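Structure at a glance
As a plain string of letters, each chain reads:
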Amino acid sequence: MHKNTNALVKAIRFATVTALAAPATVLAGGFALNEQSASAMGTANAGAAANPENATIVFFNPAGMSQLSGTNISFGAAYLDIDAEAKDGASATRISGNPVTPAGRGGDIADGAWLPNFYLAHEVSDSVDVGFGIHAPYGLAGDYGDDFVGRFFADKTELTAIAFTPSIAVNNGQGLSMGAGLNIIYAEGRLTRNQDLGPSAEPLPVGAEPYADIEGDDIGVTFRVGFLYELSDKTQFGMTAQTGTELNLKGDMEVTGVPVPGMPGVTTTLNEKVEVPLAIPESITVGARHKLTDDVTLLAGATYSRWSRFEELDIISRDPDGEIAGVPGAVISHTTEKWGNTWQFNVGGIWQATPAWAFKAGYAYDESPVGEYVTARIPSTDRHWLTLGTQWKDVNSGWTVDAAVGTLIFDGNAKVDEVFYQHENPTQQDPNFGASNYQAEYDLSAWSAAIEFSKAF
């Protein structure tokens, strides 16, 4: 990452250290994160756009703030834990066509992580409400062992993001509410991998191979609108739509351990200013809530995300004096992604067992945008999300506590068959120079837990 001296940026980074080390495959498709609220997680986010239980509605549908009275706050955290490891039989070849050795599987690539959040909604008048949220909408992390057979394709992969969400809602007093909000997203990323020196070079032992480390950050903005309509005192519908954007993670690329031609045993370090474009998709969510009885509420929803915006993962020079390409706009490294658009479908229910206790359950089918080009950085498949939750209300104090747990069941193993082309000139895409290959299947499993505290004043 380029070194920031700005105090605000440093404060943002400090605030997001624990929030944004999310495992790569615990995602709502791509690198979006499901776990934004324990109260919604209890029903697998089903109908969240139409179910304003508390201030977390600032995230799910700003129009829903119109159904909250006074000032509401919600805050909490989710914990994500995942097992993602290549199975026996993972293999890779060098550009020369020779097998990569040693051939370790890389171990479990993702550690557990915490995702805190905070939301506030305030009733300005009978027809106007305002709100604010801080949450982690996107995240990605993976880290392979040093002897990983696919180390020329991936080592560390990190995306950390935090969104600040000011919002407003208005209502006509007759059941229709409209809301709007901004997502001001600060994101930073890191990509590392070992370097294959090419078909004419002698293979180096692990630890002596050149090592590329790219870091960058950026700030982007998306816009969200929402609608909520009360069909009756038992049924209501919600819809929210969000624009997309492109983050250009600008920073530095450093390649260490590069052999100096004609000087055996002598290495140097190459540096270049680079950027990594990252597409954030448009999305639209619809939801419905129906009170079947005084004690039972049914919820359903769906989300469509335009992940096809993410077509490649490129590292692009922006440095006329760089030591790697030295040509602004030159593509130093290219990975084909060509993600597809996705749907997520959710159903859930709430049983108000007593005035103080409610119990929740939910299910979501979550499509993965990763199709033909499954990579070592994001091994992923479609998944099923099963959740359980409970809610306790203290009538005297006004506090509400939500807790939820969830598990992901993946549709089979993620199969990677990745090819990387090495180019003599980074401005030319010439596949004849040589290509390396990585093949593996990944076992994937994950679980999550969340807690949330809410209060109306």
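In this numbering scheme, every chain counts its residues from 1 along its sequence in written order. pLDDT decides what is reported in this predicted model: residues at 70 or higher carry local features, side-chain atom pairs at 80 or more are listed and counted, and totals for whole chains, interfaces and linings draw on all residues regardless. Note that water and hydrogens are dropped before the side-chain values are worked out from all heavy atoms of the structure.

1. A word on the environment of Leu-191
Within the element layout of this structure, Leu-191 appears in strand 7 (residues 176-194). Using a relative accessible area of 11% as the deciding quantity, one classes Leu-191 as buried. Measuring from C-alpha to C-alpha, the distance between Leu-191 and Glu-158 comes to 6.6 Å, with 33 residues separating the pair along the chain. Beyond its immediate chain neighbours, meaning those up to four positions away, Leu-191 contacts Lys-156, Thr-157, Ala-212, Asp-213, Ile-214, Leu-313 and Arg-377. Only DSSP runs of H or I with at least four residues qualify as helices, and only runs of E with at least two residues qualify as strands; both kinds are numbered from the N terminus onward. Categorising residues by exposure relies on relative accessible area from a 1.4 Å probe, with only protein chains included: less than 20% of the type maximum marks a residue as buried, more than 50% marks it as exposed, and the intermediate range marks it as partly exposed. Any two residues having at least one pair of non-hydrogen atoms within 4.5 Å are treated as being in contact.

2. Description of the nonpolar core
Take the buried residues of types Ala, Val, Leu, Ile, Met, Phe, Trp, Tyr and Cys, join any two whose side-chain atoms come within 4.5 Å, and each joined set is a nonpolar core. Of all hydrophobic cores here, the largest spans 70 residues; its most connected members are Phe-31, Tyr-138, Met-253, Tyr-438 and Tyr-442. Per-element tally for this core: the top contributor is strand 21 (residues 435-456), with 6 residues. Once you skip the residues sitting within four places of it in the chain, Met-253 turns out to touch Ala-212, Asp-213, Ile-214, Leu-270, Asn-271, Glu-272, Val-274, Ile-315, Ile-324 and Ile-332.

3. A look at the pattern of salt bridges
Side-chain pairing between opposite charges can occur once the charged atoms of the two side chains come close. Definition used for salt bridges: Asp or Glu carboxyl oxygen within 4 Å of a side-chain nitrogen of Lys or Arg. A complete count under the given rule lists 13 salt bridges for this structure. With a shortest N-O distance of 3.0 Å, Glu-209 and Arg-151 are connected by a salt bridge. Linking Glu-209 in the loop between strand 7 and strand 8 (211-230) with Arg-151 in the loop between strand 5 (139-143) and strand 6 (156-171), this pair joins segments that are 58 residues apart in sequence. Considered together, Glu-209 and Arg-151 belong to a single accessibility category, that of buried residues. The partner of Asp-252 in a salt bridge is Lys-273, with the nearest N and O atoms 4.0 Å apart. Of this pair, Asp-252 sits in strand 10 (residues 245-259) while Lys-273 sits in strand 11 (residues 267-280), and the two are 21 residues apart along the sequence. The exposure class assigned to Asp-252 is partly exposed, which follows from its relative accessible area of 28%. You can call Lys-273 partly exposed: its relative accessible area is 41%. Members of the salt-bridge network, linked through shared partners, are Glu-53, Lys-360 and Asp-402.

4. Re the side chain of Ser-380
Within the secondary structure layout, Ser-380 lies in the loop between strand 17 (357-366) and strand 18 (383-393). Excluding its chain neighbours within four sequence positions, the residues that come into contact with Ser-380 are Ser-368, Val-370, Val-374, Ala-414 and Leu-444.

5. Overview of the environment of Leu-140
Take Leu-140: it is sitting in strand 5. Residue Leu-140 is classed as buried on the basis of its relative accessible area, which comes to 7%. Along the sequence, Leu-140 and Thr-157 sit 17 residues apart, while their C-alpha atoms lie 7.0 Å from each other.

6. Digging into the packing of aromatic side chains
To pair, rings of Phe, Tyr and Trp, with the six-membered ring standing in for Trp, must have centres within 6.5 Å; the planes then decide the type, stacked if under 30 degrees apart, edge-to-face if over 60, and tilted in the middle. In the structure shown here, the tally under the stated rule is 14 aromatic pairs. Site record: aromatic cluster; members linked through ring pairs are Tyr-144, Phe-148, Phe-153 and Tyr-438. A positively charged side chain is recorded as over a ring if its NZ (Lys) or CZ (Arg) lies within 6 Å of the ring centre. The angle to the ring normal must also be within 35 degrees. Its end group placed over the ring of Phe-59, Arg-224 keeps NZ or CZ at 4.9 Å from the ring centre. Over the ring of Phe-457 we find Lys-455; its NZ or CZ atom is 5.1 Å from the centre of that ring.

7. A closer look at the pairing of strand 7
With respect to burial, strand 7 is a largely interior element, 14 of its 19 residues being buried. Sheet topology note: the strand 6/strand 7 ladder contains 13 bridges and is antiparallel. Residue Ser-167 lies in a different strand from strand 7, and its bridge partner there is Gly-181. Hairpin connection from strand 6 to strand 7: 4 residues lie between these consecutive antiparallel strands, with Gly-173 at a positive phi of about 75°. As judged from the 19 bridges shared by strand 7 and strand 8, these two strands associate in the antiparallel manner. Bridging from a neighbouring strand, Leu-191 pairs with Ile-214 of strand 8. Strands qualify as paired when DSSP identifies two bridges or more between them.

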